[in-house]
Amino acid sequence: SEVVVVCDFTSQHWKCQSHKLAVRGFVGSHVIVSLQGIIQAYKSGVTLQGNTTSLGRWDFSGSFFFSISAITTIGYGNLSPSTVAGRIFCILFALFGIPLNLVLLNEIGQLMLLGVQHCAHRLEEVFHWQKKASLLVKTCALVTGLLLFLLLPPLLFSDKEGWSYEEGFYYSFVTLSTIGFGDYVIGMNPDRTYPGWYKNVISLWILFGMAWLALVIKFCINFLE
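Described below are features of the structure shown in this document. (Residues numbered from 1 in each chain as written. Predicted model: local features only at pLDDT ≥ 70, side-chain atom pairs only at ≥ 80, totals over all residues. Heavy atoms only, no water.)

## Let's talk about the overall build of the chain
- The number of helices and strands found in the chain is seven helices and two strands.
- For the chain, the N- to C-terminal ordering of α and β elements is α-β-β-α-α-α-α-α-α.
- Contacts spanning at least 24 positions in sequence make up 60% of the contacts within the chain whose residues lie at least 6 apart.
- Carbon and sulfur atoms make up 70% of the accessible area of the chain, which amounts to about 14800 Å² in all. (Helix = DSSP H or I, 4+ residues; strand = E, 2+ residues; numbered from the N terminus. Contact = heavy atoms within 4.5 Å. Areas by Shrake-Rupley, 256 points an atom, 1.4 Å probe, with all protein chains shown as cover.)

As structure tokens, this is what we get:
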């Protein structure tokens, strides 16, 4: 009888363990499915905020920012088209947008260069400087660009995103150099309220900042050669 009791107890114990494993597997699989759904929704532009969802990432400013990140080849990876039609349109948009953006960046860079050269010529005429004027103007242009595109923007990011200055500077360089890791992206914190102009201004900052950085790299290459 003792053997029967022990066997019965062992049988019940293993049934309980099997039931627990089955429940855990069921819950685990549903949790995985739920997490996959949340991740897919996040990539599709849906952000969870309390008991509600926000589709603001695909409003005009969010779509404009996505377009800029696509044609500049930054590609953060935080937002992407989820439909077949959207992906086809994105491919066609990038095929035409990337070359046109390169032309635009080149034109912006040339305008910046012409402005620097014009200031240098004016200084040469007024103060009768030659090499000093060119060096002075180029140094001023470099410092101004550093302030506008790398040193001051982190202060804005600290205010709007809650990042540290180092994180904002890191985001600025990663963005303007088109590395675009995607670990830091603006306008993604559901606990913060962003003004309507925020993403539009950052999009313009990206365009002019990339043109300035390309101009600086060109100067460095010419100097090394």
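## Focus: the nonpolar core
- Of all hydrophobic cores here, the largest spans 26 residues; its most connected members are Phe65, Phe157, Tyr171, Ile186, Ile202, Trp205 and Ile206.
- Secondary structure elements with two or more residues in this core: helix H2 (60-71), helix H3 (84-127), helix H4 (131-151), helix H6 (165-176) and helix H7 (198-224).
- For this core, the element with the most residues is H7, which contributes ten residues.
- Apart from residues no more than four positions distant in its own chain, Phe157 is found in contact with Gly162, Trp163, Gly168, Tyr171, Ser172, Ile186, Tyr198, Ile202 and Trp205. (Core = buried A, V, L, I, M, F, W, Y, C linked by side-chain atoms within 4.5 Å. Buried < 20%, exposed > 50% of the residue type's maximum accessible area, 1.4 Å probe, protein only.)

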